Amino acid sequence: MITIGIESTAHTFGVAVLEDMKILSNEKDSYTTESGGMIPTKTAEHHVDVCDKVLLNALKKANIKLSQADLIAFSQGPGIGHCLRIGAVFARSLSLKLKKPLIGVNHCIAHLEIGRLEGAEDPILLYASGANTQIIAYDGGKYRIFGETLDIGVGNFLDSFGRDIGFGFPAGPAIDQLAKKSKKYLQLPYSVKGMDVSFGGMHTYIRNKLIGKHPKEDICYSVQETAFAMLLEVAERAMAHCEKKELVLGGGVACNSRLKEMAKIMCKDRDAKCIIPENQYLVDNAAMIGLTGYLMHKAGNKTAIKDSEIRPYERTDQVDVNWR
Ligand code: FE2
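Only a predicted model underlies this, so the values are computations on that prediction, with no experimental measurement involved.

So, how was this worked out
- Residues numbered from 1 in each chain as written.
- Predicted model: local features only at pLDDT ≥ 70, side-chain atom pairs only at ≥ 80, totals over all residues.
- Heavy atoms only, no water.
- Donors = N, O, S within 2.8 Å, 3.2 Å for Na, K, Ca; no water.
- Helix = DSSP H or I, 4+ residues; strand = E, 2+ residues; numbered from the N terminus.
- Buried < 20%, exposed > 50% of the residue type's maximum accessible area, 1.4 Å probe, protein only.
- Pairing = 2+ DSSP bridges.
- Right-handed = clockwise from strand over helix to strand, strands pointing away.
- Domains from an automatic or database assignment.
- Contact = heavy atoms within 4.5 Å.
- Buried area = accessible area lost by both parts, 1.4 Å probe.
- Salt bridge = Lys/Arg side-chain N within 4 Å of Asp/Glu carboxyl O.
- Polar contact = N/O pair within 3.5 Å; in protein donor to acceptor, adjacent residues only side chain to side chain.
- Axes fitted to C-alpha atoms, helices over the stretch in contact; angles between N-to-C directions.

Student: Describe the coordination of the iron ion, listing the residues and the values that go with them.
Tutor: The protein atoms that coordinate the iron ion are His-107 (NE2), His-111 (NE2), Tyr-127 (OH) and Asp-284 (OD), at distances of 2.1 to 2.3 Å. All donors to the iron ion come from one chain, and their sequence spacing reads H-x3-H-x15-Y-x156-D. You can see His-111 sitting in helix H3 (residues 107-113) and its partner Tyr-127 sitting in strand S6 (residues 124-128), a full 16 residues away along the chain. Overall, His-111 belongs to the buried group, its relative accessible area being 0%. Overall, the relative accessible area of 0% leaves Tyr-127 in the buried class.

The following block contains the structure:
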């Protein structure tokens, strides 16, 4: 069965082609800036400009003709409305043109499901991206959120801090590189509240007390050590509470070399499996949408055109999970 997956929740427009659970291609074009952040309308314009090209590249790489597609899977939510709408229109058009079923996929759940390709069976997902920071696991028919950010996503925090010290979007890779040049830890507010985290206070503190007074590399190093320790503390507590022995990383921030290293140390300490998909499947990607769509379809789900509205605020635990 050939599935075409489409991703467009935020900065990335992606198209993937899968044959059952095998990924034949995973193409994307992401909106970036030299300075400043991501503007929703500009990002949506980017998606309109690149969508045809990305689809053609994905089909070519997979050596599949559009007419061979059996299923169209797309990111239905959550995400930025402007961006989701482009992917949804694109997916509906393909579904209608090809007369093939459509399946709407929850983007956060897709980050967890892609871990299956690396052997994950029943993991805790640490989903660390720009907009989303959640600890997710399956329990009682749904993917439950065991902990999450109370204010901004860890990636948005890193991007905002990165802008403060002159980096463009995304700032994460530059922070990762600069942090490697320091081992000097500057004390920062550490905000874990029960199973939740928050980054706003740390950001204000950095702006008011550190920027301009300390070398940038020391601040980058300290930001990573603190923010990632917070994430792994709640991830570990969720693993202990749910008695799960697998951790899957997901989201663009999970590409960070120090976060990966810290996750591996934590899992080793508690004799758990640390599953880190390759970077192309950590960042927003269409392969995870195609894979989740395929699993959902196999369990008998489909999304009628009338039900294919975008869901910018859909929560992970609003989705009934009948495909496990
Ligand atoms: Fe994501």
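Continuing now.
Student: Pulling in residues and values, what's your account of the pairing of strand S11 (residues 246-250)?
Tutor: A large share of S11 lies buried, amounting to five of its five residues. Sheet topology note: the S6/S11 ladder contains four bridges and is parallel. If you follow Ile-124 over to S11, its bridge partner there is Leu-247. When S11 meets strand S12 (residues 273-275), the two strands line up parallel, connected through three bridges. Residue pairing in the sheet places Val-248 in a bridge with Ile-275 of S12. One crossover worth recording links S11 to the parallel S12 by way of helix H8 (residues 257-269), and it is right-handed.

Student: Break down the domain arrangement of the chain for me, with residues and values.
Tutor: Domain assignment breaks the chain into domain 1 (2-111 + 283-318) and domain 2 (122-281). Domain 1 and domain 2 are separated by 26 Å when their C-alpha centres are compared. With 23 residues of domain 1 in contact, the opposing surface of domain 2 contributes 22 residues. Both sides together, the interface formed by domain 1 and domain 2 hides about 1800 Å², and carbon and sulfur atoms give 57% of it. In this assembly, domain 1 and domain 2 are joined by one salt bridge. A salt bridge links Glu-148 to Arg-315; the nearest nitrogen and oxygen atoms lie 2.9 Å apart. Where domain 1 touches domain 2, the interface holds nine residue pairs in polar contact (both at pLDDT 80 or more). Mapped by element, the contributors of at least two residues to the side of domain 1 that touches domain 2 are strand S3 (22-30) and H3. The greatest single-element share of the side of domain 1 that touches domain 2, amounting to four residues, is contributed by H3.

Student: An account of the sheet that holds strand S8 (residues 142-148) is needed here, citing residue identities and associated values.
Tutor: Taken in spatial order, the five strands line up as S8-S7-S6-S11-S12 in an open sheet, and their pairing is mixed. Looking at which strands have only one partner, the edges of the open sheet turn out to be S8 and S12. With strand direction ignored, the average angle separating the axes of adjacent strands in the sheet is 25 degrees. Inspection of the sheet shows S6 paired to strand S7 (residues 133-139) by five bridges, in the antiparallel sense. Bridge pairing in S7 places Ala-128 opposite Thr-133. Here H8 sits on the sheet and contacts S6, S11 and S12; the angle it forms with S11, its principal contact strand, is near 170 degrees.

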